[in-house]
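One-letter residues, chain by chain:
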Amino acid sequence: MGTTTDRRQGIRAHLGQFSLHVLLVFATGLTIGSERSVVPVLGEQVLGVESFLVIGSFVVSFGFVKSLLNLYAGKWGEEYGRKPVLVLGWLTALPLPVVLIFAPNWWWITVGNVLLGVNQALTWSMAINAKIDLAGPEQRGLAVGIDEAFGYTGVAVGAWLTGLIAARTSLRPEPFYFLAVVVVLALLASVFLVRETLQFAEGEGDDDHQDANLPFEAVLRRATYGDRTLFAAAQAGHVENFVDTLFWIAVPLYLTSQGLGIDAVGVVVGVHSAMYFTQIATGGLADRIGRRPPVVAGMFLAGGGVLGMVLVEGYLAWVTLAAVSGLGMALLYPNLMTVPSDAAHPTWRAAGMGVYRMWRDAGYGVGAILIGLSMEAVSLEAAFYLTALLMFASGAVVWRWMEETHPEFGTHEPPAPATGESTSSVAED
């Protein structure tokens, strides 16, 4: 794979491997989606959990573990390659269906979700980096859009199918048999069909550039607070996951409290996630008009959809507003992630995206705590008001501070690295 011809990039040139990674990120979405409709209700109706804060604990464990592993997944992907990290991610998911089927109490599920956090961090991080490696700079937004579209379509399908299975059988074990099949097939595909893509990133950049080969600590500082545009993206990613957490914890409980059946709850949650499929369009749109406009619009649209869900009544209205918030998230997800991808040198792009994904997915843990506390101390509806307010405030930060990062017409200029920052590589750190 060492020649220029072998390292040519483009989705069409690598359609087979690109499509395989699309299927694998769909499986990653199915894995987490299998918990979305069923597990909160399982905790309340089967395991007897009465505290909303305790129910949210399984998302707290998931969120903080996933955020930390996102950080190191990018680093490991630079050091060891994308494929080994991907395979490790699927290996960690093998015990998860067993835990969900046989857990005698809620704390087993909370601990089991640590495995889900590891799985999601490693598999999704490597799936998106592999797609970017194969696609190249000119199709970066499209590649991220396709990745997120199929990943969250998997979340939608997983939530819908497990809700349907639970309604026709029981809350467990039947929905988690489906999960077990998904995990085993994804692991086999990762081991036997996936090929390494790190060499494409290595051939993309100029190692003599002043921004090349930043050590890991320098990448962490820059992507967190050293660059105002990357800070704006990181905080927006953090807050946007409050919406995802809301649909994981509060929405199923709120809708069942309003008399909606578990199968209908699965549809509402699934419609929200299904709107993420439009990321194919929103990611491609950002390749033409820039990253900033879709991000700003998405923050306010998603917040408005969340707010509207507690201001209306009725199944159709809830489905519609779930779709509105999902469309806002579709504008956000791929384009926020493309910002650090644009701003990073190829030698530390996976690590830089890992930093962004760390702060983004810490939003699951922080969001679960804040949402759980508001549900516990005030009301179910309070969680929706809080999430909407934070989305509006975060959107204002994006509008004020985020510069355009598009490779061709962006206005963003990264800060000059500190003396000595480029003397060692991420891999050597």
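The coordinates are above.
Residues numbered from 1 in each chain as written. Predicted model: local features only at pLDDT ≥ 70, side-chain atom pairs only at ≥ 80, totals over all residues. Heavy atoms only, no water.

Visitor: Can you walk me through the overall build of the protein in this structure?
Guide: Across its full length, the protein carries 19 helices and zero strands. Computed over C-alpha atoms, the radius of gyration of the protein comes to 20 Å, within 12% of the 22 Å expected from 2.2 N^0.38 for 429 residues, which places it in the range of a compact globule. Seen through its principal axes, the protein has C-alpha atoms that stretch 60 × 45 × 35 Å. Per-residue burial over the protein gives 62% buried out of 429 residues. Accessible surface, the protein as shown: approximately 15200 Å² in total, 65% of it carbon and sulfur. Positive and negative side-chain charges in the protein, numbering 23 and 36 respectively, have mean positions lying 4 Å apart. (Helix = DSSP H or I, 4+ residues; strand = E, 2+ residues; numbered from the N terminus. Rg over C-alpha atoms; globule rule 2.2 N^0.38 Å. Buried < 20%, exposed > 50% of the residue type's maximum accessible area, 1.4 Å probe, protein only. Areas by Shrake-Rupley, 256 points an atom, 1.4 Å probe, with all protein chains shown as cover. Lys, Arg positive; Asp, Glu negative; His and termini not counted. Charge placed at Lys NZ, Arg CZ, Asp CG, Glu CD.)

Visitor: Just to check I follow, could you spell out unusual backbone geometry for this structure?
Guide: Glycine aside, negative phi is the norm for most residues, and most peptide bonds take the trans geometry. A cis geometry characterises the amide bond from Arg172 onward to Pro173, with omega recorded as 10 degrees. If you trace the backbone, Pro173 turns up in the loop between α8 (140-168) and α9 (174-192).

Visitor: Sorry, what's going on with the side chain of His14 here?
Guide: Mapped onto the elements, His14 comes out in the segment before α1 (15-36). Among all residues touching His14, those that are not within four sequence positions of it are Arg8, Gln9, Leu134 and Phe200. (Contact = heavy atoms within 4.5 Å.)

Visitor: I tried to follow a nonpolar patch on the surface on my own but got confused; where do I start?
Guide: Together, Leu88, Leu91, Leu94, Val181, Val184, Leu185, Leu188, Val191, Phe192 and Leu193 make up an exposed nonpolar region whose accessible area comes to about 910 Å². Of all the secondary-structure elements, those providing two or more residues to the nonpolar patch are α5 (82-93) and α9. Along the chain, the position of Leu94 falls in the loop between α5 and α6 (96-102). (Patch = residues over 30% accessible without salt bridge, like charges linked within 9 Å, V, L, I, M, F, W, Y side chains within 5 Å. Salt bridge = Lys/Arg side-chain N within 4 Å of Asp/Glu carboxyl O.)

Visitor: What is the right way to look at the environment of Met402 in this model?
Guide: Its place among the elements puts Met402 in the segment after α19 (380-401). With 111 residues separating them in the primary sequence, Met402 and Arg291 have C-alpha atoms 9.6 Å apart. Setting aside residues up to four positions removed in sequence, Met402 forms contacts with Thr229, Ala232, Ala233, Arg292, Val295, Leu336, Val339 and Val397.

Visitor: Mind showing me how you'd approach the nonpolar core here?
Guide: One recurring pattern in soluble globular proteins: nonpolar side chains tend to sit buried together. In terms of nonpolar packing, the biggest core is built from 117 residues, with Trp90, Met375 and Phe384 touching the most fellow members. Beyond its immediate stretch of four places on either side in the chain, Met375 contacts Phe52, Ile249, Ala250, Leu253, Leu380 and Ala383. By size, the runner-up hydrophobic cluster in this structure holds eight residues, among which are Ile11, Val22, Leu134 and Ala135. (Core = buried A, V, L, I, M, F, W, Y, C linked by side-chain atoms within 4.5 Å.)

Visitor: Would you mind showing me how to read the packing of α1 against α9 here?
Guide: Helix packing for two helices is described by the angle between their axes and how far apart those axes are. Between α1 and α9, whose axes approach to 10 Å, the crossing angle comes to 155 degrees. Viewed along their axes, α1 and α9 adopt a mutual orientation that is roughly antiparallel. Crossing handedness for the pair α1 and α9: left-handed. Contacts between α1 and α9 involve Leu20, Leu24, Ala27, Leu30, Thr31 and Ser34 from the former and Phe176, Phe178, Leu179, Val182, Val183, Ala186, Ala189 and Ser190 from the latter. Per-class residue counts for the contact of α1 with α9 are eleven nonpolar, three polar and no charged. (Axes fitted to C-alpha atoms, helices over the stretch in contact; angles between N-to-C directions. Parallel < 35°, antiparallel > 145°, perpendicular 65-115°, else oblique. Left-handed = near helix turned anticlockwise from the far one by under 90°. Nonpolar A, V, L, I, M, F, W, Y, C, P; charged D, E, K, R; others polar.)

Visitor: Help me understand helix α17 (residues 315-343) in this model?
Guide: Residues that lie three or four places apart on an α-helix share one face, since the helix turns once every 3.6 residues. With 29 residues, α17 ought to run about 42 Å at 1.5 Å a step, and its terminal C-alpha atoms sit 43 Å apart, in line with that. Burial of α17 is extensive: 23 of the 29 residues sit out of reach of the surface. (Expected span 1.5 Å × (residues − 1).)

Visitor: What am I meant to see in the packing of aromatic side chains here?
Guide: Geometry of an aromatic ring pair is reported as the spacing of the ring centres plus the angle between the planes. Scanning all chains against the criterion turns up ten aromatic pairs. Geometrically, the ring pair formed by Tyr152 and Tyr276 is tilted, given 4.3 Å between the ring centres and 40 degrees between the ring planes. Linking Tyr152 in helix α8 with Tyr276 in the loop between α14 (262-274) and α15 (279-289), this pair joins segments that are 124 residues apart in sequence. Of the two residues, Tyr152 and Tyr276, both sit in the buried class. Aromatic pair Tyr254 and Trp318: ring centres 6.3 Å apart, planes at 80 degrees, arrangement edge-to-face. Of this pair, Tyr254 sits in helix α13 (residues 250-257) while Trp318 is found in helix α17, placing the two residues 64 residues apart along the sequence. The exposure class of Tyr254 is buried, given its relative accessible area of 4%. One aromatic cluster is present, formed by Trp124, Tyr152, Tyr276 and Tyr333 through successive ring pairs. (Phe/Tyr/Trp six-rings, centres within 6.5 Å; stacked < 30°, edge-to-face > 60°.)

Visitor: Can you walk me through the environment of Val268 in this structure?
Guide: Mapped onto the secondary structure, Val268 falls in helix α14. Put simply, Val268 and Val184 are 84 residues apart on the chain and 28 Å apart in space, counted from C-alpha to C-alpha. Excluding anything up to four places from it in sequence, Val268 contacts Leu255, Leu260, Met309, Tyr315, Trp318, Val319 and Ala322.

Visitor: Mind showing me how you'd approach α1 here?
Guide: With 22 residues, α1 ought to run about 32 Å at 1.5 Å a step, and its terminal C-alpha atoms sit 31 Å apart, in line with that. With 17 of 22 residues buried, α1 lies mostly within the body of the structure.

Visitor: Whenever I open this one, the pattern of salt bridges confuses me. Can you help?
Guide: Opposite charge on two side chains lets them pair, provided their charged atoms get close. With the rule as written, the count across this model stands at six salt bridges. Residue Lys66 pairs with Asp361 through a salt bridge whose shortest N-O separation is 2.3 Å. Taken as a pair, Lys66 in helix α4 (residues 57-80) and Asp361 in helix α18 (residues 349-377) lie far apart in primary sequence, 295 residues in all. Assigned by exposure class, Lys66 and Asp361 land together as buried. Salt-bridge contacts for Arg360 lead to Asp361; the nearest nitrogen and oxygen are separated by 3.1 Å. Just as Arg360 is buried, Asp361 falls in that class too.

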